[in-house]
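Report on the structure
Residue-level listing of the chains:
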Amino acid sequence: VQLQASGGGLVQAGGSRRLSCAASGGTFNRYGMGWFRQGPGKEREFVAGISLRGGSTYYANSVKGRFTISRDNAKNTVYLQMYGLEPEDTAVYYCAADRSAILSRIQYASAYDYWGQGTQVTVSS
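Within each chain, residue numbers correspond to sequence positions counted from 1 in written order. Local features in this predicted model are restricted to residues of pLDDT 70 or higher, and side-chain atom pairs are both shown and tallied only at a pLDDT of 80 or more, whereas totals for entire chains, interfaces and linings draw on every residue. Only heavy atoms go into the side-chain values, all of them from the structure, while hydrogens and water stay out.

**Concerning the pairing of strand 8 (residues 77–82)**
- Only protein chains enter the accessibility calculation, which uses a 1.4 Å probe; a residue is then buried when its area is under 20% of its type maximum, exposed when over 50%, and partly exposed in between. Only DSSP runs of H or I reaching four residues or more are called helices, and only runs of E reaching two or more are called strands; each is numbered from the N terminus. Across the six residues that make up strand 8, a large majority, six, are buried.
- By the alternation rule, side chains of strand 8 split into Thr-77, Tyr-79 and Gln-81 and Val-78, Leu-80 and Met-82, which are all buried.
- Sheet topology places strand 3 (residues 17–24) next to strand 8; six bridges connect them, and they run antiparallel. Its bridge partner lying in strand 8, Leu-19 is registered against Leu-80.
- Sheet topology places strand 7 (residues 67–72) next to strand 8; six bridges connect them, and they run antiparallel. Counted as the bridge partner of Ile-69 is Leu-80 from strand 8.
- At least two DSSP bridges between two strands are needed for those strands to be called paired. The hairpin turn running from strand 7 into strand 8, its antiparallel successor, is four residues long, and Asn-76 in that turn takes a positive phi close to 55°.

**Description of the packing of aromatic side chains**
- Two rings from Phe, Tyr or Trp (for Trp, the six-membered ring) form a pair when their centres are within 6.5 Å of each other. A pair whose planes differ by under 30 degrees is stacked, one over 60 is edge-to-face, and the rest are tilted. Overall, the coordinates contain five aromatic pairs when judged by the stated rule.
- When the ring of Tyr-31 is compared with that of Tyr-114, the centres are 6.0 Å apart and the planes differ by 80°; the resulting orientation is edge-to-face. Placement of the pair is Tyr-31 in the loop between strand 3 and strand 4 (32–38) and Tyr-114 in strand 10 (residues 114–115), with a sequence separation of 83 residues.
- The class of Tyr-31 is buried, set by a relative accessible area of 10%.
- For Tyr-114, a relative accessible area of 24% gives the class partly exposed.

**Details of the sheet that holds strand 7**
- Taken in spatial order, the four strands of this open sheet run 1-3-8-7, and their pairing is antiparallel. Bordering the open sheet on either side are strand 1 (2–6) and strand 7, each of which pairs with just one other strand. Taking the axes of each pair of neighbouring strands and ignoring which way they run, one obtains an average angle of 15° across the sheet.
- One ladder, built from five bridges, connects strand 1 with strand 3; its direction is antiparallel. Bridging from a neighbouring strand, Gln-4 pairs with Ala-22 of strand 3. Convention adopted: a line fitted to C-alpha atoms gives each axis, helices being fitted over their contacting stretch, and angles between N-to-C directions are expressed from 0 to 180 degrees.

**Quick notes on the side chain of Arg-71**
- Relative to the assigned elements, Arg-71 resides in strand 7.
- From its side chain, Arg-71 meets the backbone oxygen of Phe-28 in a polar contact 2.9 Å long.
- Polar contact is defined as a pair of N or O atoms within 3.5 Å, subject to the rule that within protein one atom must be able to donate a hydrogen and the other to accept it, and that residues adjacent in sequence are counted only when both atoms are side-chain atoms. Among the polar contacts made by the side chain of Arg-71, one reaches the main-chain carbonyl oxygen of Leu-52 at a distance of 3.2 Å.
- Contacts: residue pairs with any heavy atoms within 4.5 Å of one another. Non-local contacts of Arg-71, meaning those with residues more than four positions away in its chain, are made with Phe-28, Asn-29, Tyr-31, Gly-32, Met-33, Ile-50, Ser-51, Leu-52, Arg-53, Gly-54, Thr-77 and Val-78.

Structure below.
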């Protein structure tokens, strides 16, 4: 499956942004989906994950209450709605697809089989 992330850009602190990740070449509703990010000088970290039909969602503590992950299986797309952005949220954001869709592993990058190219989000203070 191929993943194409989009929606990144420059945003002021306190602002919002919605990222999209369009999937092609596979059966989208068979994949658990996740968002990860990698900030300057940092390791890649889990941001949010969502189950096959969207009934279960998971968030890193750092974004809980500010970010919302969702998916539209009819459009083969997963979204990350971000509110209350902070300079610490500056990173390249990656979407990823997990064939096994095992929820207990949703926060681990090693669980994912396919990755998008990343989209840059820069939050200015």
